[in-house]
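Breakdown of the fold
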Amino acid sequence: MVWKSSSKRRGQTAIELLFITAIILTGIVYILPSVVYSNQAVSLSDAFRTAGSDVCSYLNTGVVVNDSLHAPLNNLVELWNYTPLGCRFVGLSVETNSSVNATLVFEYPGGAFPNAFGGNVTLYLKLRLSRISGFKLVGENLYYGEKPVNITVVVR
């Protein structure tokens, strides 16, 4: 019968432990970036969805709030003579490459003044999103981290 010394067994156990640790760390290095990227995409979509819903919620009240955030939407409320608009936020598309491109689709009865609607809503979205972590407003340009954000408002 051959007996292994205890130091050889400890050496083998240490090598096995290093091998297992290397496998775990390699898995983390490959999996972690995809999880972070996925969470970033979900966070971006959620931020745009929330801001888009806020637009219609505000416009459907027909009431103005005197603050700098809602000033662009107040222009629309006044344009429609304080009448609830019947606005609906119906679509969202967010693409991320070297920049963030977001398209938000809105519907409201009659579709009057689409240019005024698009311009004021885009300005509101920039102001609203700049208050969310990760976004910053520099002049009139919105950034998510270091990526520029391009917002397109579509009116149906």
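The coordinates are above.
The sections below set out a description of the structure shown in this document. Note that the structure is a prediction, hence the values are computed from the model and not measured.

A word on the environment of Gln40
Relative to the assigned elements, Gln40 resides in helix 1 (residues 6-59). Between the alpha carbons of Gln40 and Thr96 there is a distance of 9.7 Å; along the sequence they are 56 residues apart.

Some remarks on the packing of aromatic side chains
Going through the model one piece at a time under the given rule, you end up with seven aromatic pairs. On the basis of an interplanar angle of 85° and a centroid distance of 6.0 Å, the ring pair of Phe48 and Phe135 is categorised as edge-to-face. One end of the pair, Phe48, is in helix 1; the other, Phe135, is in strand 3 (residues 135-138), and 87 residues separate them in sequence. Like Phe48, the residue Phe135 is buried in the burial classification. Here the aromatic rings of Trp80 and Tyr108 are separated by 5.5 Å at their centres, their planes lie at 80°, and the arrangement is edge-to-face. With a gap of 28 residues between them, Trp80 in the loop between helix 2 (71-79) and strand 1 (88-96) and Tyr108 in the loop between strand 2 (100-107) and helix 3 (114-129) connect regions that are remote in the sequence. The residues Trp80 and Tyr108 share a single accessibility class, namely buried.

Here we look at the sheet that holds strand 4 (residues 141-144)
The strand order 1-2-5-4-3 describes an open sheet built from five strands, whose pairing is mixed. Two strands close off the open sheet at either side, each with one partner strand: strand 1 and strand 3. Neighbour-to-neighbour, the strand axes of the sheet open up by a mean angle of 30°, direction not taken into account. With three bridges connecting them, strand 4 and strand 5 (residues 147-155) associate as antiparallel partners. Along strand 5, the bridge assignment pairs Tyr143 with Pro148. Running over the sheet, helix 3 touches strand 2, strand 3, strand 4 and strand 5 and is turned about 145° from strand 5.

Points about the pattern of salt bridges
Using the criterion set out here, one finds four salt bridges in the structure. One salt bridge in this structure joins Asp54 and Arg128, with 2.8 Å as the shortest N-O distance. Here the residue Asp54 occupies a position in helix 1, and Arg128 occupies one in helix 3, the gap between them amounting to 74 residues. A salt bridge links Glu146 to Lys136; its shortest N-O distance comes to 3.6 Å.

Cut-offs and rules
- Residues numbered from 1 in each chain as written.
- Predicted model: local features only at pLDDT ≥ 70, side-chain atom pairs only at ≥ 80, totals over all residues.
- Heavy atoms only, no water.
- Helix = DSSP H or I, 4+ residues; strand = E, 2+ residues; numbered from the N terminus.
- Phe/Tyr/Trp six-rings, centres within 6.5 Å; stacked < 30°, edge-to-face > 60°.
- Buried < 20%, exposed > 50% of the residue type's maximum accessible area, 1.4 Å probe, protein only.
- Pairing = 2+ DSSP bridges.
- Axes fitted to C-alpha atoms, helices over the stretch in contact; angles between N-to-C directions.
- Contact = heavy atoms within 4.5 Å.
- Salt bridge = Lys/Arg side-chain N within 4 Å of Asp/Glu carboxyl O.

Don't take any of this as a statement about function, it's just geometry.
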